[in-house]
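Listed below are the residues making up each chain.
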Amino acid sequence: MSVLKADNIVMQFGGVTAVNDLNIEVEKGKIVALIGPNGAGKTTAFNVITGVYQPTKGSVYFNGEKITGLSPDKITNKGIARTFQNIRLFKNLTVLDNILIANHLHVKSNFLSYTTRMPWSRKEEKSMRSKSEMLLEKLGLLSLKNEIAHSLPYGEQRKLEIARALATDAKLLLLDEPAAGMNPSETMQLSGFIHTIRDEFELTIFMIEHHMDLVMEISDKIYVLDFGQLIAQGTADEVKNNKRVIEAYLGVEEDA
Ligand SMILES: Nc1ncnc2c1ncn2[C@@H]1O[C@H](COP(=O)(O)OP(=O)(O)OP(=O)(O)O)[C@@H](O)[C@H]1O
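Residues numbered from 1 in each chain as written. Predicted model: local features only at pLDDT ≥ 70, side-chain atom pairs only at ≥ 80, totals over all residues.

Under the annotation held in an unreviewed UniProt entry, the protein carries the name ABC transporter ATP-binding protein and is attributed to Sedimentibacter hydroxybenzoicus DSM 7310.

Laid out in structure tokens, this is it:
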């Protein structure tokens, strides 16, 4: 069974059809990419999957369960987490505090009580802390736990954002342009990092990415959108040699 299934998704904004009849299946444990030129509808598709938008038509299924109509936080609680094109961290807090907050929010705790530290029992606090440190250790970020998030190199901030998404115990991770703004060496590292977390946390990964080298190297399957329509799907070799894909990208500068 597919972990994620998007079934005939249509998303219209007034007269604009951002996504038109989109069908996607992501199998368990796979790394799948969604690519396409700027404005093709990729982020809109992510927003439909994560409940930010209710689709005009169609349904989304997570492990066979229909999740269309659920709020974004309910969808997160089902086990879907995402990162964003622009890194969204608590930039003035430490690495560890960023993870602790994500953990606290996940257990339906409230942010205010965290900041004032009122109703937290020592036991709760300790177990959260050790869970968060364990997560950082698995991701190779433990030595940075007391660093302020915005002082980290860009590549490490990306990793921290992914770590924060994983603090929700997600099983499906949606990455929106994880390599955006990275230099070639950071992008190479990211590729290894994505493989490692997939294996370590038994994740399924669905990602939007413009860096074609990364997409071609890492993806088990690639979906290609253009003007809201799926124009191709398949392995890296199949997609690379597809005439419609080549046409869609002609004259379009790669971000890499
Ligand atoms: N909230 C919205 N209201 C109106 N139009 C929107 C909205 N969100 C997206 N669109 C339109 O839908 C189309 C698809 O946009 P989307 O951001 O999904 O593309 P994208 O493939 O993610 O692009 P990029 O690679 O540049 O991030 C665009 O024409 C965009 O202007």
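More follows now that the structure is in view.
Colleague: Quick one: what's the story with the overall build of the protein, residue by residue and with numbers?
Modeller: For the protein, the count of helices and strands is 10 helices and 10 strands. Overall, the protein is about 60 × 40 × 35 Å in size when its C-alpha atoms are taken along their principal axes. Per-residue burial over the protein gives 39% buried out of 256 residues. Considering only residue pairs separated by 6 or more positions, the protein has 69% of its internal contacts joining residues 24 or more positions apart. (Helix = DSSP H or I, 4+ residues; strand = E, 2+ residues; numbered from the N terminus. Buried ≥ 20, exposed ≤ 12 C-beta atoms within 10 Å, placed from the backbone. Contact = placed C-beta atoms within 7 Å.)

Colleague: Just give me the short version of the sheet that holds strand S4 (residues 57-62), but keep the residues and values in it.
Modeller: For sheets, the rule is that strands pair by backbone hydrogen bonds, running either parallel or antiparallel. The strand order across the open sheet built from four strands is S2-S1-S4-S5, with neighbouring strands paired in antiparallel fashion. Looking along the sheet, the strands with just one partner apiece sit at the ends: strand S2 (16-27) and strand S5 (65-66). Of the pairings in the sheet, the one linking S4 to S5 comprises two bridges and is antiparallel in character. Bridge assignment links Phe-62 to a residue of S5, and that residue is Glu-65. (Pairing = 2+ DSSP bridges.)

Colleague: Account for the packing of helix H6 (residues 154-166) against helix H7 (residues 184-200), naming residues and giving values.
Modeller: Interaxial distance between H6 and H7 falls to 10 Å at its minimum, and their mutual angle equals 20°. Taken together, the axes of H6 and H7 are roughly parallel relative to one another. Here H6 and H7 pass one another in a crossing that is right-handed. Of the residues in H7, those in contact with Tyr-154, Gly-155, Arg-158, Lys-159 and Ile-162 of H6 are Glu-186, Gln-189, Leu-190, Phe-193 and Ile-197. (Axes fitted to C-alpha atoms, helices over the stretch in contact; angles between N-to-C directions. Parallel < 35°, antiparallel > 145°, perpendicular 65-115°, else oblique. Left-handed = near helix turned anticlockwise from the far one by under 90°.)

Colleague: An account of the confidence of the model for the protein is needed here, citing residue identities and associated values.
Modeller: In this model, the protein carries a mean pLDDT of 89, and residues with pLDDT of at least 70 account for 91%. Of the regions scoring below 50 in pLDDT, residues 109-113 engages in seven contacts with residues more than four places distant in sequence or in other chains. Among the scores for the predicted complex, ipTM is 0.96 and pTM is 0.89. (pLDDT = per-residue confidence, 0-100.)

Colleague: Pulling in residues and values, what's your account of the site of the ligand?
Modeller: Every residue lining the ligand is accounted for by Phe-13, Val-16, Ala-18, Gly-36, Asn-38, Gly-39, Ala-40, Gly-41, Lys-42, Thr-43 and Thr-44. When contributions to the shell around the ligand are tallied by element, the ones reaching two or more residues are S2 and helix H1 (42-49). The dominant element in the shell around the ligand, judged by the number of residues it contributes, is H1, at three residues. (Near = placed C-beta within 6 Å.)

Colleague: Tell me about the sheet that holds strand S9 (residues 221-226), and please be specific about residues and values.
Modeller: Taken in spatial order, the six strands line up as S6-S7-S8-S3-S9-S10 in an open sheet, and their pairing is mixed. Two strands bound the open sheet, and with one partner strand each, they are strand S6 (80-82) and strand S10 (229-234). Strand after strand, the sheet turns through a mean of 20° between neighbouring axes, direction not considered. In the sheet, S6 pairs with strand S7 (residues 172-176) via three bridges, with the strands oriented parallel. Bridge assignment links Ile-80 to a residue of S7, and that residue is Leu-172.

Colleague: Give a detailed account of the pairing of S2, specifying residues and quantitative values.
Modeller: Looking down a regular strand, the side chains alternate between one sheet face and the other. Note that strand S1 (residues 2-13) and S2 share eight bridges and pair antiparallel. Bridge pairing in S2 links Ala-6 to Ile-24. Here S1 hands over to S2 after two residues, with Gly-14 in that stretch at a positive phi of 55°.

Colleague: Just give me the short version of the nonpolar core, but keep the residues and values in it.
Modeller: With 71 residues, the main nonpolar core has Ala-163, Leu-172, Leu-173, Phe-206 and Val-224 as its most contacted residues. The element that contributes the greatest number of residues to this core is helix H3 (residues 95-106), accounting for six residues. Beyond its immediate stretch of four places on either side in the chain, Val-224 contacts Ile-35, Gly-36, Leu-230, Ile-231, Ala-232, Gln-233, Val-239, Val-245 and Ala-248. (Core = buried A, V, L, I, M, F, W, Y, C linked by C-beta atoms within 7 Å.)

Colleague: Break down the environment of Glu-147 for me, citing the residues and quoting the values.
Modeller: Inspection of the secondary structure puts Glu-147 in the loop between helix H5 (122-138) and H6. Taking C-alpha positions, Glu-147 is 42 Å from Asp-237, a pair spaced 90 residues apart along the chain. Excluding residues within four positions of it along the chain, Glu-147 makes contact with Thr-94, Val-95 and Leu-152.

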